[in-house]
Each structure stands twice: as C-alpha cells, then as structure tokens.
Amino acid sequence: MTNQNKTERCQICGRGLDNPADSLSENCGGDCWGCIGEIEADMGDSWALAKVRKEFDAGLRPGWIDPTEP
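Below, the structure is looked at part by part. (Residues numbered from 1 in each chain as written. Predicted model: local features only at pLDDT ≥ 70, side-chain atom pairs only at ≥ 80, totals over all residues. Heavy atoms only, no water.)

### Re the overall build of the protein chain
And step 1. When its secondary structure is counted, the protein chain shows two helices and zero strands.
And step 2. When its C-alpha atoms are laid out on the principal axes, the protein chain stretches across 55 × 20 × 20 Å.
And step 3. Within the protein chain, the proportion of its 70 residues that are buried is 30%.
And step 4. Long-range pairs, those at least 24 residues apart, make up 16% of the contacts in the protein chain between residues at least 6 apart in sequence.
And step 5. Here the protein chain displays about 5,000 Å² of accessible surface, and carbon together with sulfur accounts for 51% of that area.
And step 6. Considering the protein chain, the positive charge centre built from 7 side chains and the negative charge centre built from 13 side chains are found 5 Å apart. (Helix = DSSP H or I, 4+ residues; strand = E, 2+ residues; numbered from the N terminus. Buried < 20%, exposed > 50% of the residue type's maximum accessible area, 1.4 Å probe, protein only. Contact = heavy atoms within 4.5 Å. Areas by Shrake-Rupley, 256 points an atom, 1.4 Å probe, with all protein chains shown as cover. Lys, Arg positive; Asp, Glu negative; His and termini not counted. Charge placed at Lys NZ, Arg CZ, Asp CG, Glu CD.)

Laid out in structure tokens, this is it:
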C-alpha cells in the first residue's frame, strides 16, 4: 500500500514541492525553485536572475543577496 498523500520534498532544503500556496515550491526535478532559482541566478543565468530579483522585490526571498551587487 502506498501513501498517496505523502508530500514530495526538495532534496536540498526539505520544502514541500508543488504547494499552490508557495510559489517557490515548484518542482525542478526533485528540488524546489526556491533553491534552484537562487543557484542558477548565482551562476549568472539571466532569466533566473531576473525572476529571483522580482521574487526578492515581492518579499519572497528575504535575505537574498544579488550576486551582481558589490
């Protein structure tokens, strides 16, 4: 018997994945967008950086430091 109510979790931070109330919980291959977005932004991906900046401005990423800031 399998538990179909079990929440899949991010392999990096443990956040529940695909939670409609949490926009950073999007499943990115077993990790959440909250983790993957920050990693990709830090690596210089322009699309991810733009999206993460918007999430930071919206208050979704408190404490995030823009990698392009001195």
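Let's pick the thread back up.
### Regarding unusual backbone geometry
And step 1. Residues other than glycine seldom take positive phi values, yet Asp18 does so here, at roughly 55°.
And step 2. In this structure, Asp18 sits in the segment before α1 (33–42).

### Some details on the environment of Leu49
And step 1. One can find Leu49 in helix α2 (residues 46–57).
And step 2. Look at Leu49 and you get buried, because its relative accessible area is 9%.
And step 3. It is 9.6 Å that separates the C-alpha atoms of Leu49 and Thr68, two residues lying 19 residues apart in sequence.
And step 4. Among all residues touching Leu49, those that are not within four sequence positions of it are Ala41, Trp64, Asp66, Pro67 and Thr68.

### Brief notes about the environment of Asn19
And step 1. Along the chain, the position of Asn19 falls in the segment before α1.
And step 2. Once the C-alpha coordinates of Asn19 and Trp64 are considered, the two residues, 45 residues apart in sequence, prove to be 21 Å apart.

### Observations regarding the packing of aromatic side chains
And step 1. Applying the stated rule across the entire model yields two aromatic pairs.
And step 2. Seen from their ring centres, Trp33 and Trp47 are 5.6 Å apart, and the 65° between their planes marks the pair as edge-to-face. Here the residue Trp33 occupies a position in helix α1, and Trp47 occupies one in helix α2, the gap between them amounting to 14 residues.
And step 3. Note on Trp33: relative accessible area 4%, which makes it buried. (Phe/Tyr/Trp six-rings, centres within 6.5 Å; stacked < 30°, edge-to-face > 60°.)

That is the geometry; function is a separate question.
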